[in-house]
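Below, each chain spelled out in residue letters.
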Amino acid sequence: MGPELAVVLVVAIVVIAIVGVAWLRGRARDDAASTRDRDAVGTPPVVPPPAVSRARDDDDAASARDPDATPASTSPRAPVADTAPKLPRTVPTAARDEAARAPLPVERPGLDRPSVEQRRHGDREDDRERIRRGLEKTRGGFVAKLARLVLGKPKVTTALRDQIEEVLFTADIGTGVAQKLMDRVGEVLDRSDTADAQAVWRALEQAALEVVKIPAAPSNFTPAHAPYVLLMIGVNGVGKTTTLGKLAAAHLREGRKVLLVAGDTFRAGAVDQLDVWARRVGCDIHTGDERADPSSVVYDGIRRGRREGHDVVLCDTAGRLHTRKELMDELGKVRRAVAKAIAQDLPPTARDAVAGPHDTFLVLDATIGQNALAQAKLFKETTDFTGLVVTKLDGTAKGGVVLGVCDELQVPIRYVGVGEGVDDLRPFDPEDYVAALFADRDRAVGADD
């Protein structure tokens, strides 16, 4: 191929390239024009005026929609002459009228964010449901037996009275409570020749509520001289350490700074178990040396809590065998150490008023029935406690022991354990407990059959 032919080919390629670029640019201009035409037919175009004029127009529009609305731009600005050219409107009248009639956007309410009252109501309903499920086995025990006896309005006879009495006195509710319930049922049976089941249940529920509804002032988690100190006591195996961990989680949810004190230095693994709970819920923990004196560990822990600004200090103690009085006596020593730590740095008048922790809770295991009541009696002889925690209600048919404990000790139940989860330690509500104890009576009969 000669040089002349090569030059011709190069020139041809350049010409084709120029023509192609020109064609593509023309096609792009045509597409843009077509898009503008479609927009003009559908919605009004936005003609941006100068920045100052646009801010003024936005404020005027907001004022037109809401006379009380505050202008979006509140910073002072110097008056500026409106020199923007008046551009002709090209929007069709029908399209402009339709745009004017279109509703303004409205902010949706926060439906997914419940109010405080809604959260409280939800928590209350959750408490009731958990208690109801936790007492399912108890309802399948003496409650189901009573339901079977009064089902179908049986004739009131001496045999029926004896059967009801036997069910009540063989249940794990204590003889004192059994007699109170029987007296109420007897009053109902005396009114008619046939047993009115609904009247019997109303009498039982009212009598049970009177037993468990013990007046008690709520705990003060913000004492004049912080921190609030709780001492947890109970025998080995009832769930003291687990209860402390769950209670720490509850305080953390309320925004309080929590310190766990590992005062159980005797039981192997107790400190490690509490440390696991502290890391699980995200709170601080104070531990002493191995086999250290529990009183000194508790004392140092409370002092640390005040020094580091903790709101709540929860103290674990060694499990005391309730048949070993010498070990029970050591609780008095721990209590005195708590009082000394709280009174430290207080004015003399306030120091003399400190007799112990702000609260002392005794933990009882519901699965052991009347033995729990025996433990509580012995603890009451050696130390004062302001509340009870009944654990493992979900794993036993002896949930009626709550009635016997309240009747015998006249100490309020503060919390009940209805599961193994962190949230399964629930505040005790007497009315919710009684309602759950006698709920689903017909189904309890079927399950027991």
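Being a predicted model, the structure only gives us computed values, none of them experimental.

(A) View of the overall build of the chain. The number of helices and strands found in the chain is 17 helices and 8 strands. By residue count, 40% of the 449 residues in the chain fall in the buried class. In the chain, of all internal contacts separated by at least 6 residues, the share reaching a separation of at least 24 is 76%. Of the roughly 25,400 Å² of accessible surface on the chain, a fraction of 53% belongs to carbon and sulfur atoms.

(B) View of the sheet that holds strand β6 (residues 387-391). Taken in spatial order, the 8 strands line up as β3-β2-β4-β1-β5-β6-β7-β8 in an open sheet, and their pairing is mixed. Two strands bound the open sheet, and with one partner strand each, they are β3 (284-286) and β8 (425-427). Sheet twist, expressed as the average angle between the axes of neighbouring strands with direction ignored, equals 25 degrees. In terms of strand pairing, strand β1 (residues 228-233) meets strand β5 (residues 359-365) through 4 bridges, oriented parallel. Directly across from methionine 232, in β5, lies its bridge partner phenylalanine 361. Contacts between helix α10 (residues 270-281) and the sheet are confined to β2 (258-261) and β3, with β3 contributing the most and set at about 160 degrees to the helix.

(C) Examining the packing of helix α7 (residues 175-189) against helix α15 (residues 401-409) more closely. Relative orientation of the contacting elements α7 and α15 amounts to 100 degrees, with a least axis distance of 8 Å. Here α7 is positioned roughly perpendicular relative to α15, judged by the angle of their axes. Taking contact as the criterion, the partners of Gly176, Val177 and Lys180 in α7 are, on α15, Leu403, Gly404 and Asp407. Considering only residue class, the contact of α7 with α15 consists of 2 nonpolar, 2 polar and 2 charged.

(D) Looking closely at the pairing of β1. With respect to burial, β1 is a largely interior element, 6 of its 6 residues being buried. In β1, alternate side chains face the same way, and those of Tyr228, Leu230 and Met232 on one face and Val229, Leu231 and Ile233 on the other are all buried. By the bridge criterion, 4 bridges tie β1 to strand β4 (residues 312-315) in an arrangement that is parallel. Across the sheet, residue valine 229 finds its bridge partner in β4, namely valine 313.

(E) How the structure looks around the pattern of salt bridges. For the coordinates displayed, the defined rule picks out 17 salt bridges. A salt bridge links lysine 333 to aspartate 293; the nearest nitrogen and oxygen atoms lie 3.4 Å apart. Of this pair, lysine 333 sits in helix α12 (residues 325-343) while aspartate 293 sits in the loop between β3 and α11 (294-307), and the two are 40 residues apart along the sequence. For the salt bridge of arginine 304 with glutamate 308, the shortest nitrogen-to-oxygen distance reads 3.2 Å. Judged by its relative accessible area of 19%, arginine 304 falls in the buried class. The class for glutamate 308 is partly exposed, based on a relative accessible area of 35%.

(F) Summary view of the packing of aromatic side chains. Considering all chains together, one arrives at 4 aromatic pairs under this definition. Ring geometry for phenylalanine 361 and tyrosine 415: centres 6.3 Å apart, planes at 55 degrees, overall tilted. Of this pair, phenylalanine 361 sits in strand β5 while tyrosine 415 is found in strand β7 (residues 413-417), placing the two residues 54 residues apart along the sequence. Like phenylalanine 361, the residue tyrosine 415 is buried in the burial classification. Its guanidinium or amino end placed over the ring of tyrosine 299, lysine 340 lies 5.9 Å from that ring's centre, counting from NZ or CZ. Here the basic side chain of lysine 380 rests over the ring of phenylalanine 385, its NZ or CZ set 5.6 Å away from the ring centre.

(G) Inspection of the packing of helix α5 (residues 136-150) against helix α8 (residues 197-212) at higher detail. Between α5 and α8, the least distance of the axes is 10 Å, while the angle of their chain directions is 150 degrees. On the basis of their axis angle, the class for α5 and α8 is roughly antiparallel. By crossing handedness, the relation of α5 to α8 is classed as right-handed. Residue-level contacts link Val143, Leu146, Ala147 and Val150 of α5 to Ala197, Val200, Trp201 and Leu204 of α8. The residue inventory of the contact of α5 with α8, partitioned by class, reads 8 nonpolar, no polar and no charged.

(H) Representation of unusual backbone geometry within the structure. The linkage connecting alanine 226 with the following residue, proline 227, adopts the cis geometry, with an omega of 5 degrees. Turning to its location among the elements, proline 227 is positioned in the loop between α8 and β1. In this model, lysine 153 sits at a positive phi of 50 degrees, which is unusual for a non-glycine residue. Here lysine 153 lies in the loop between α5 and α6 (158-170).

Scoring rules and cut-offs
- Residues numbered from 1 in each chain as written.
- Predicted model: local features only at pLDDT ≥ 70, side-chain atom pairs only at ≥ 80, totals over all residues.
- Heavy atoms only, no water.
- Helix = DSSP H or I, 4+ residues; strand = E, 2+ residues; numbered from the N terminus.
- Buried < 20%, exposed > 50% of the residue type's maximum accessible area, 1.4 Å probe, protein only.
- Contact = heavy atoms within 4.5 Å.
- Areas by Shrake-Rupley, 256 points an atom, 1.4 Å probe, with all protein chains shown as cover.
- Pairing = 2+ DSSP bridges.
- Axes fitted to C-alpha atoms, helices over the stretch in contact; angles between N-to-C directions.
- Parallel < 35°, antiparallel > 145°, perpendicular 65-115°, else oblique.
- Nonpolar A, V, L, I, M, F, W, Y, C, P; charged D, E, K, R; others polar.
- Salt bridge = Lys/Arg side-chain N within 4 Å of Asp/Glu carboxyl O.
- Phe/Tyr/Trp six-rings, centres within 6.5 Å; stacked < 30°, edge-to-face > 60°.
- Lys NZ or Arg CZ within 6 Å of the ring centre and 35° of its normal.
- Left-handed = near helix turned anticlockwise from the far one by under 90°.

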